[in-house]
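# Architecture at a glance
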Amino acid sequence: MVEFGLRGPAPRSGALLLLSGALTACLVLCLHLTRSSGGAQGERVGPRRLGPVDDLADARALLAAWPEDKPRACILILARNSDLDGVLRSVKQLERRFNAQPSAQYPYCYLNDEPFSNEFRAVAAAATVAPAFFGLVPAAHWSYPPHINTTLAAELRSAARRRMPYGGSESYRFMCRYFSGFFFDHPLLEGFEWYWRVEPEVHFMCDLPGISHDPFRHMQANNQSLAWTIVMEEVPSTIPSLWPTMQRWLAANPHHVVAGNMLPAILEDSDAAQIGDEAAAVDDRGDAAGYDSRHALPLLRPQRQLYSSPRFKFTGCHFWSNFEVGRLAFFRSAGYRSFFQHLDSDTGFFYERWGDAPVHTLAAAALLTPEQVYFARDIGYKHGSWSYCPSQPADRPRCDCHPAWDAVPLAQPRCQLDFQTRLHALQRAEE
């Protein structure tokens, strides 16, 4: 027998065997103590404790010792065991670009609708210097609500299979419903105030050095609730009844709609007049300088109760939520919970294919002001064929991308360009 790591036969001396056993026991004990103590802030957390793993207890212990001057934030990843390679590619980039810095090292919270394998847990935990916690999505949150006819839902999925992306997918609809209404209540996220949603197989193309490029710190300091990099247009056939359903909620809940909201930035109004001078929205503040005001759509600030009028239509432009940094208090608010419960009582998540991205966007438009959303213009991001790269010359040395490569402005200028223009117009109209 040849012992792993040694050349030639294993030693037979009793003394050597005893020494080998003692060294092994010492090593295991040291690893156990490293994990149990949690390590100092900024150090790699060692292997998990011997015996049963209690991720929830570990997360609570970490939060109990959280530094007062650091945002209580986590990196949130919803993944399956089969996504491990894609998860590693995303996490390694995020670590290299941002999270491995001592000022960051935010923990990872992994969620799955099935138990994570030991391999996934071990490999994912080893990929980061930050702690990693693993949780199971409750079955009630990854299933149908009682009023859905599952036979009809299956028939409609079959009919939609070739008409839209993920048209035939049941699990995709479960995921969209989960991210629309439940993720923020997962026990692992209890005690956290911020999250950065990361998906498998995404690319982060810019270094984010120091606290000045920390999106959590920026958003906390500026009282912002949602960050985005890409605005794109939803496939219309996936959400034909989403806006009319929201209009019914708006009519019944005007008290939840904030003054100075963002609804005009995502709506078309057949009777609208222009808000001020759109050209004034095109200025020298970062990427807005490249926006063409000729693309601007009419804007209007109607009375809140008028949004239920059929004259208003949703443009379909939405924050692409596979990149999302957010304040959990926004999703846990009475207004957002009321909005989701209204949507969930309808049938669109399963009879259509409502996505969490337009749901988040519509909620933010009604419940937040333009100042409370954050265009994370310093974060270069790519997912599939869609990408965003910072446009300022000062950003080039820290980025491995070029604005000319962006897939967004050339493909859908109405959304990516006009949304920013509309926000500027709304802000100026309020001044």
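On a predicted model such as this, the values are computed, not experimentally measured, just so you know.

With that out of the way, let us pick up the sheet that holds strand β4 (residues 194-197). The strand order across the open sheet formed by seven strands is β3-β2-β1-β4-β11-β6-β12, and the pairing between neighbours is mixed. In the strand order of this sheet, the two ends are held by β3 (132-136) and β12 (373-375), each with one partner. For this sheet, the mean angle separating the axes of adjacent strands, direction not counted, is 20 degrees. The pairing of strand β1 (residues 73-78) with strand β2 (residues 108-112) spans four bridges and is classified as parallel. Within the sheet, the bridge partner assigned to L78 lies in β2 and is L111.

Moving on: the packing of aromatic side chains. One pass over the structure, following the stated rule, counts 44 aromatic pairs. Above the plane of the ring of W66 lies K70, whose end atom (NZ or CZ) is 5.2 Å from the centre. In this structure, K70 is placed above the aromatic ring of Y106, and the distance from its NZ or CZ to the ring centre is 4.7 Å.

This part is about the sheet that holds strand β5 (residues 202-204). The strand order β5-β13-β14 describes an open sheet built from three strands, whose pairing is antiparallel. Looking at the sheet topology across the chains shown, the edges are occupied by β5 and β14 (386-388). Taken pair by pair, the neighbouring strands of this sheet meet at an average axis angle of 10 degrees, ignoring direction. Strand direction decides the pairing type here: strand β13 (residues 381-383) and β14, joined by three bridges, are antiparallel. The residue bridging H383 from the neighbouring strand is W386, located in β14.

So, about unusual backbone geometry. A negative phi angle is the norm for most residues apart from glycine, just as the trans form is the norm for most peptide bonds. Phi angles above zero are rare outside glycine, and E201 is one such case at about 60 degrees. Exposure remark for E201: the relative accessible area of 36% places this residue in the partly exposed category. For N223, which is not glycine, the phi torsion reads 55 degrees and is therefore positive. Structurally, N223 can be placed in the loop between α7 (215-221) and β6 (226-228).

Per the stated rule, a full pass over the model turns up 14 salt bridges. For E190, the salt bridge goes to R60, with nearest N and O atoms at 3.4 Å. Within this pair, whereas E190 is found in the loop between α6 (170-181) and β4, its partner R60 is found in helix α2 (residues 55-64), the two being separated by 130 residues in sequence. On the basis of relative accessibility, which here comes to 45%, the residue R60 falls in the partly exposed class. Between E201 and R89 there is a salt bridge; the shortest N-O distance is 2.5 Å. Of the two residues, E201 is situated in the loop between β4 and β5 and R89 in helix α3 (residues 84-99); the sequence distance between them amounts to 112 residues.

Right, let's get into the confidence of the model for the protein chain. When the pLDDT values of the protein chain are averaged, the result is 83; 77% of them are 70 or greater. For residues 273-298, every residue scores under 50 in pLDDT, and the model assigns this stretch 59 contacts once sequence neighbours within four places are set aside.

What follows covers the pairing of strand β11 (residues 324-327). Taking every second residue as pointing to the same face, both faces of β11 are buried, with E324 and G326 on one and V325 and R327 on the other. The pairing of β4 with β11 spans four bridges and is classified as antiparallel. Counted as the bridge partner of W196 is V325 from β11. One ladder, built from two bridges, connects β6 with β11; its direction is antiparallel. For A227, the partnering residue across the bridge sits in β11 and is V325.

This part takes up α6. A rise of 1.5 Å per residue sets the reference length of α6, with its 12 residues, at 16 Å; its end C-alpha atoms lie 17 Å apart and thus fit the reference within 8%. A large share of α6 lies buried, amounting to 10 of its 12 residues. Taken together, the buried positions of α6 are Y172, R173, F174, M175, C176, R177, Y178, F179, S180 and G181.

Looking at the element boundaries, Y144 is found in the loop between β3 and α5 (150-160). As a C-alpha pair, Y144 and R173 span 29 residues in sequence and 9.6 Å in three-dimensional space. Ignoring any residue separated from it by four or fewer positions in sequence, one finds Y144 in contact with T150, A153, R157, E170, F174 and F350. At a separation of 2.9 Å, a polar atom in the side chain of Y144 contacts the side chain of R157.

One way to put it is that helix α10 (residues 334-344) packs onto helix α12 (residues 356-367) with a least axis distance of 11 Å and a crossing angle of 135 degrees. Classified by the interaxial angle, the pair formed by α10 and α12 is oblique. The hand of the α10/α12 crossing is right-handed. Residues G335, Y336, F339 and L343 of α10 form the contact with α12, whose own contacting residues are V359, H360, L362, A363 and L367. In terms of residue class, the contact of α10 with α12 is made up of seven nonpolar, two polar and no charged.

Throughout the structure, instances matching the rule amount to three disulfides. The disulfide bridge from C317 ends at C415, spanning 2.1 Å between sulfur atoms. Around the S-S axis, the bridge from C317 to C415 shows a dihedral of about -80 degrees and counts as left-handed. Here C415 lies in helix α14 (residues 413-430) and C317 lies in strand β10 (residues 317-319), a separation of 98 residues in the sequence. C317 gets classed as buried once you look at its relative accessible area, which sits at 5%. Residue C389 pairs covalently with C401 via a disulfide, S to S 2.1 Å.

Definitions and limits used
Residues numbered from 1 in each chain as written. Predicted model: local features only at pLDDT ≥ 70, side-chain atom pairs only at ≥ 80, totals over all residues. Heavy atoms only, no water. Pairing = 2+ DSSP bridges. Helix = DSSP H or I, 4+ residues; strand = E, 2+ residues; numbered from the N terminus. Axes fitted to C-alpha atoms, helices over the stretch in contact; angles between N-to-C directions. Phe/Tyr/Trp six-rings, centres within 6.5 Å; stacked < 30°, edge-to-face > 60°. Lys NZ or Arg CZ within 6 Å of the ring centre and 35° of its normal. Buried < 20%, exposed > 50% of the residue type's maximum accessible area, 1.4 Å probe, protein only. Salt bridge = Lys/Arg side-chain N within 4 Å of Asp/Glu carboxyl O. pLDDT = per-residue confidence, 0-100. Contact = heavy atoms within 4.5 Å. Expected span 1.5 Å × (residues − 1). Polar contact = N/O pair within 3.5 Å; in protein donor to acceptor, adjacent residues only side chain to side chain. Parallel < 35°, antiparallel > 145°, perpendicular 65-115°, else oblique. Left-handed = near helix turned anticlockwise from the far one by under 90°. Nonpolar A, V, L, I, M, F, W, Y, C, P; charged D, E, K, R; others polar. Disulfide = S-S within 2.5 Å.

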